[in-house]
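Residue strings, one per chain:
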Amino acid sequence: MAATDFWPLHDIVHSADLAMSKHIAVVISEDPCVTARPVEALRIALGLCAGDHETTVILLGRAPILLMNDTEDIVDVEILEKYLPSFKHLSVPFIVEPGTAMDTWSDDFSVASMPADGIRQFLRSVDRSLVF
Amino acid sequence: MADHRLGILLSTPPSHPSVETVVQLAEAALRRGVDVYLYLIDEGVKTATDPRYLGLIDAGVKTSVCAYGCQQHGVSTVMIDSRVSLSGLVVLSGIIDGCDRFLAFT
């Protein structure tokens, strides 16, 4: 028996009342220059975008540098560079806090500014949230 | 409680307190008859061979581990229990779709 026969995916997703796209927020607040987790969080977000989910990425603290041109200090930057073009092509929505310094490179992404209260309300409104 | 499904995502290393929290949570859910789906990702893949998590599999937790994460973190898939599904993010997406409760321990 194949390992995947243990619990076929269709057992989960074919539940008529549950299987529907979800609105997901992926919140990244850790420093990409300190840990690889922000880049991994973006990889996860992209994977969820590839399904039917509406996925929004919220970048807090130093995390907005993930979308900037000067990325040489980012941990796992070579992995990040593989994924970023897909975020542009899919127009994945990003949210940052007001006053976040972005560069012209970031203009290629779908970035919106939202105050902290708005972000809190947004997170309450989504079906699922993943916080890194 | 029949037909209720709990999805859990774990991305922290074995030393993190969330690892034990997930064990306790999953066991409590199973006791209430809830189907539990566990997805191990990032450093969470290192718990795939943890005896506590093997116990969860024995108890009925349907466990999936991120194959990419295993590669990134040097976890040999040969050592992983055959009942664990080596998966990609499409499975996580399916768990998010199909579970009426989802908790992320990141």
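Scope of this entry: the structure provided in the associated data block. As the structure is a computational prediction, the values presented were derived from the model and not from experiment.

**Concerning the overall build of chain B**
Helix and strand content of chain B: 4 helices and 5 strands. The helix and strand sequence of chain B, counted from the amino end, reads β-α-β-α-β-α-β-α-β. The C-alpha extent of chain B, read off along each of the three principal axes, is 40 × 25 × 25 Å. Within chain B, the proportion of its 106 residues that are buried is 53%. At a minimum sequence separation of 6, the contacts of chain B that also span at least 24 residues come to 72%.

**Observations regarding the sheet that holds strand β4 (residues 85–87) of chain B**
Residue and element names in this part refer to chain B. Read from one edge of the open sheet, 5 strands run β4-β3-β2-β1-β5, paired in parallel fashion. Each edge of the open sheet is held by one strand with a lone partner, namely β4 and β5 (101–105). Strand-to-strand twist in this sheet, taken as the mean axis angle between neighbours without regard to direction, amounts to 20°. The sheet contact formed by strand β1 (residues 5–10) and strand β2 (residues 35–40) spans 6 bridges and is parallel. Looking across to β2, one finds that Ile 8 is bridged to Leu 38.

**Regarding the pattern of salt bridges**
One pass over the full model with this rule turns up 10 salt bridges over all chains. Between Asp117(A) and Arg120(A) there is a salt bridge; the shortest N-O distance is 2.4 Å. Of this pair, Asp117(A) and Arg120(A) are both found in helix α4 (residues 116–125), 3 residues apart, which corresponds to roughly one turn of the helix. Residue classification places Arg120(A) among the partly exposed residues on the basis of a relative accessible area of 47%. One salt bridge in this structure joins Asp81(B) and Arg83(B), with 2.9 Å as the shortest N-O distance. If you follow the salt bridges from partner to partner, you end up with Glu20(B), Asp50(B) and Arg52(B) in one network.

**Considering the packing of aromatic side chains**
Centre distance and the angle of the planes are the two values used to describe a pair of aromatic rings. Residue and element names in this part refer to chain A. Overall, the coordinates contain 2 aromatic pairs over all chains when judged by the stated rule. Relative to Phe 94, the ring of Phe 87 has its centre 5.5 Å away and its plane inclined at 50°; by these criteria the two rings are tilted. Its relative accessible area of 1% is what places Phe 87 among the buried residues. Ring geometry for Phe 94 against Phe 109: centres 6.0 Å apart, planes inclined by 85°, an arrangement best described as edge-to-face. On the criterion of sequence distance, the pair formed by Phe 94 in strand β3 (residues 93–96) and Phe 109 in the loop between β3 and β4 (110–113) is long-range, its members being 15 residues apart. In this structure Phe 94 comes out as buried when scored by relative accessible area, which is 1%. Phe 109 gets classed as buried once you look at its relative accessible area, which sits at 5%.

Parameters at a glance
Residues take numbers from 1 onward in each chain, read along the sequence in its written order. Here chains are named by letter from A upward and ligands by number from 1 upward, in the order in which they appear as written. Confidence filtering applies because this is a predicted model: local features only for residues at pLDDT of at least 70, side-chain atom pairs given and counted only at 80 or more, and all residues used for totals across whole chains, interfaces and linings. In computing side-chain values, all of the structure's heavy atoms are included and hydrogens and water are not. In this text, helices come from DSSP runs of H or I with a minimum length of four residues, and strands from runs of E with a minimum of two, each type numbered from the N-terminal end. Only protein chains enter the accessibility calculation, which uses a 1.4 Å probe; a residue is then buried when its area is under 20% of its type maximum, exposed when over 50%, and partly exposed in between. The contact rule is simple, with two residues in contact once any of their heavy atoms fall within 4.5 Å. The pairing criterion for strands is at least two bridges between them, as found by DSSP. What counts as an axis is a line fitted to C-alpha atoms, over the stretch in contact for a helix, and the angles between N-to-C directions run from 0 to 180 degrees. Here, a salt bridge means any side-chain nitrogen of Lys or Arg that lies within 4 Å of a carboxyl oxygen of Asp or Glu. Pairing of aromatic rings covers Phe, Tyr and Trp, the last counted by its six-membered ring, and requires centre-to-centre distances within 6.5 Å; plane angles under 30 degrees mean stacked, over 60 mean edge-to-face, and any other angle means tilted.

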